[in-house]
Structures are given as structure tokens and as C-alpha cells.
Amino acid sequence: MNRRKSNSGLFVALAAGLIGFSAPMAVHAAEITLTYAFFAPARTFPARQMTHWAEQLAKRTNGKVDVKTFPGGTLLGAKEMYDGVAKGVANIGLGSPSYDPGRFPLTSGVALPVGFTNATQASRTLWALTKEFKPKEYDGFKVIAMFTTEPGFIQTKTAVRNAADLAGMKLRAAGTGVPVLKALGAAPIGMPMPEVPQAVQTGVINGTMTSREVLQDFKLAESLKFVTDYPTVVVAFAAVMDQKKWDKLPADVKKVIEELAEEMPGWTGNYHDNENVGAAMAWAAKEHKLQVVSLAADERARWDGKLKPMEAEWVTEMSAKGLPAAAYLKRMHELRDQFAKR
Ligand code: DTR
């Protein structure tokens, strides 16, 4: 009895293998189609994450789910991403909670100057914190992927070697980076990344503070020739699905999406840290003579000192809103140290 069963199982497996071999693609049409929007171009690392996720979901559901991706803000721009998903303009949207710290107050904590050294460490920390604290700011959404940039660097038209060079300089950052630049004495402007190249061109800003791959991915090295070697704060990304849409998905599809959510911080962090940023820096040095400016040790210590009060200020501000900010920060420090050991 058992033997017959296993034989027929073997036959089915072989037949499936043969069919699979002769017709690997499109054995059956997708049962579910999901639209996925992102606000920046397809070549950028968050968009690569989106493509990887879409391919993996199709593969791991054997083609049951087809994801149509819309990079470059073709479906939703940076500022309308989360409302757009809530309204059903896209089923999934990848936005940056760091652009709107008022809406995502607890998540803004990961963009404090806590000394993350790379994107993988910060991404894993953000995802673990989100699962543990379940911030109310994501109510109505199912978070399907989270990750961060590497800590941002000041990238400028003219060299920034000290606080005097930075004083009053018009620099752009994501919303959560604005207080950092302010503390360092610059004149910060919050602005989504896709608007930066034009703002640099027209002289609205003299540079930006963010991860360094933008030098190549947004061609900023054509005008920003200097990077100050002082890692600041990360920028957070969260891809979400409308909760009601999520609730209607079949259990097997949900399972694959939850499995992918566990993998995305590491996958994206690894790509960003180990391929994306390094290649961009090498390209910018070769093609555009990018220079990395070091800070003298005493200057670096003074900058650290200016950023030091930010953690306590954040806890005071967020606690006043009734958020568990002290516990979130404490846990962030623990996770940062845990994920520092690779
Ligand atoms: N959210 C960004 C960070 C950023 C870094 N690289 C990219 C690529 C595509 C979009 C955004 C970003 C920032 O605003 O700093």
C-alpha cells in the first residue's frame, strides 16, 4: 500500500518535472495580480529590492501571483505613496517613512545618530523593532518589507572640512535628517530624493546628506565633487499593502510574503552595502574626480558632541505624544549591538 503510494508519487513528480522541463514558463496564468509602486527610478537600490521581491513572489507561488511594478513615480510619488495605497491606487507602495516623521514618529527613531555602521545592521534593527513594537503609525497597513540606507554622508559642491565650511550651507536631507544638519550648523531643507538633481542644478541647494550611491544612481557626482567622511543617520523605507487587500489574500500567498519580509532587510542591506555604494564611489572617483574629505579628530569629536543631545530630545518629544520612546531607543541600542556582529 505504502509502496504503491510512493510509486505513484514518484510518477507525479516525474511527470511534473517533464512538463516543467518542456514548458517552464506560463504553465497557468496568474490568479492574482498585484500592483507595486515606488517613487524613484528602476536603477536605484530600493527599486531593485522591489524587482527582486516581485520575482521571488512569482517564483515561490509557482506563478500564482503576478506583480506589476511601477518605479519612477509613474503610479505614485514620494509624498502620496501611503495615502495612495490606502485609497487603492496601488496595492503595494514603497515609500520612505523618514520623509514624514510626523506621520511615522516611532520609526523616526532609527534615523537618530546612534552609530549604525551599515545598512544591513540598521535594516535588521528596524525590522526587529517594528515586529516588537507594532507601531500604531502602520495601522491599516500590512508592512511587507523594511530596510534602510547606509548612514548618510554630506555630499557637496564645495569641500566641507569643518563646522565653518558647513555654517549656513543650504543642504537637503530626508525629513528625519533635517535636525541633524541643523545641529551641525547647516541650513537644511527637507525634500524627496528625486527632486535633488534639479535643486542642485538650479542652486537651491549646495548638496545633500544621504547614502553615497546617489552620486551615481542620480548622477549627482557631475556636480557634487566632495563627500565628507562622517557617517550620520540612515533613511528608512517601508513597503506596505492595504490591510483589507492583505486580509483577502490566500493563506499560501500570505505565507510566502511573510517569509520574504524576513529576508528583505538582509537582502537589501547586503546589496546596498556590498555592491551598490562601493561601485558608485569608484565610478564617481574615476569619472568625476570625487574627493573624500576627512575630518580632523578634534573636529569629529565636536560634531559628535553636537549630535549627542538628539537621542534624549527625541525621547522627551515622543514620550509627550504618549509613545514608548525610551523603550524603543533602549531596544534599538541592543539590536544595533547584536547586529553589529555579522
Ligand atoms: N530616501 C532617500 C534615500 C535614498 C537613498 N537612495 C535612494 C534611492 C532612491 C530613493 C531614495 C533614496 C533620501 O531621501 O535620502
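Asks: Help me understand the confidence of the model for the protein chain, please; the structure alone is not making it clear to me.
Replies: If pLDDT is low for a region, its predicted coordinates should not be looked at in detail. For the protein chain, mean pLDDT is 93; residues scoring 70 or higher make up 92% of the total. The low-confidence segment residues 1-24, where pLDDT is below 50, has zero contacts with residues more than four positions distant or belonging to other chains.

Asks: Help me out: how do you make sense of the environment of Gly177 in this one?
Replies: Along the chain, the position of Gly177 falls in the loop between strand S6 (170-173) and helix H6 (178-183). Considered as a pair, Gly177 and Val235 are 58 residues apart in the sequence and their alpha carbons are 8.0 Å apart. Each residue touching Gly177, except ones within four places of it in the same chain, is listed here: Met209 and Val233.

Asks: Looking at this structure, how should I read the sheet that holds strand S7 (residues 187-190)?
Replies: Backbone hydrogen bonds hold the strands of a sheet together, and the pairing may be parallel or antiparallel. A sheet is described by the order of its strands in space; here six strands give the open sequence S7-S6-S8-S5-S9-S11, paired in mixed fashion. What marks the edges here is a single partner per strand, and that holds for S7 and strand S11 (291-293). Looking at each pair of strands side by side, their axes are set apart by 30° on average, direction ignored. Where strand S9 (residues 226-228) meets S11, three bridges bridge the pair, whose relative direction is parallel. Along S11, the bridge assignment pairs Phe226 with Gln291.

Asks: Which parts of the structure should I look at to understand the sheet that holds strand S3 (residues 92-95)?
Replies: Pairing within the open sheet is mixed, and its five strands lie in the order S2-S1-S3-S10-S4. Because the sheet does not close on itself, it has two edges, and the strands there are strand S2 (65-70) and strand S4 (141-148). Here the strands of the sheet are splayed against their neighbours by 20° on average, with no regard to which way each runs. Two strands pair when backbone bridges link them, and strand S1 (residues 32-38) and S2 are joined in this way by six bridges, in the parallel orientation. Each residue of the ladder has a partner; that of Thr33, found in S2, is Asp66. Across the sheet, helix H4 (residues 119-133) touches S4 and strand S10 (236-242), and the angle it forms with S4 is around 155°. Packed on one face of the sheet, helix H10 (residues 251-288) meets S1, S2, S4 and S10 and runs near 20° to S4.

Asks: Looking at this model, I keep getting lost on the site of the ligand. Mind explaining?
Replies: In the neighbourhood of the ligand, 18 residues make up the surrounding shell, with Tyr99, Arg172, Thr210, Ser211 and Glu213 lying closest. Separating an oxygen atom of the ligand from a side-chain N or O atom of Arg172 is a distance of 2.4 Å. Glu213 is positioned with one of its side-chain polar atoms (N or O) 2.6 Å from a nitrogen atom of the ligand. When the free accessible area of the ligand is taken as 350 Å², the share hidden by the protein chains comes to 100%. Grouping the constituent residues of the shell around the ligand by class yields twelve nonpolar, four polar and two charged.

Rules behind the numbers
- Residues numbered from 1 in each chain as written.
- Predicted model: local features only at pLDDT ≥ 70, side-chain atom pairs only at ≥ 80, totals over all residues.
- Heavy atoms only, no water.
- pLDDT = per-residue confidence, 0-100.
- Contact = heavy atoms within 4.5 Å.
- Helix = DSSP H or I, 4+ residues; strand = E, 2+ residues; numbered from the N terminus.
- Pairing = 2+ DSSP bridges.
- Axes fitted to C-alpha atoms, helices over the stretch in contact; angles between N-to-C directions.
- Near = heavy atom within 4 Å.
- Polar contact = N/O pair within 3.5 Å; in protein donor to acceptor, adjacent residues only side chain to side chain.
- Areas by Shrake-Rupley, 256 points an atom, 1.4 Å probe, with all protein chains shown as cover.
- Nonpolar A, V, L, I, M, F, W, Y, C, P; charged D, E, K, R; others polar.

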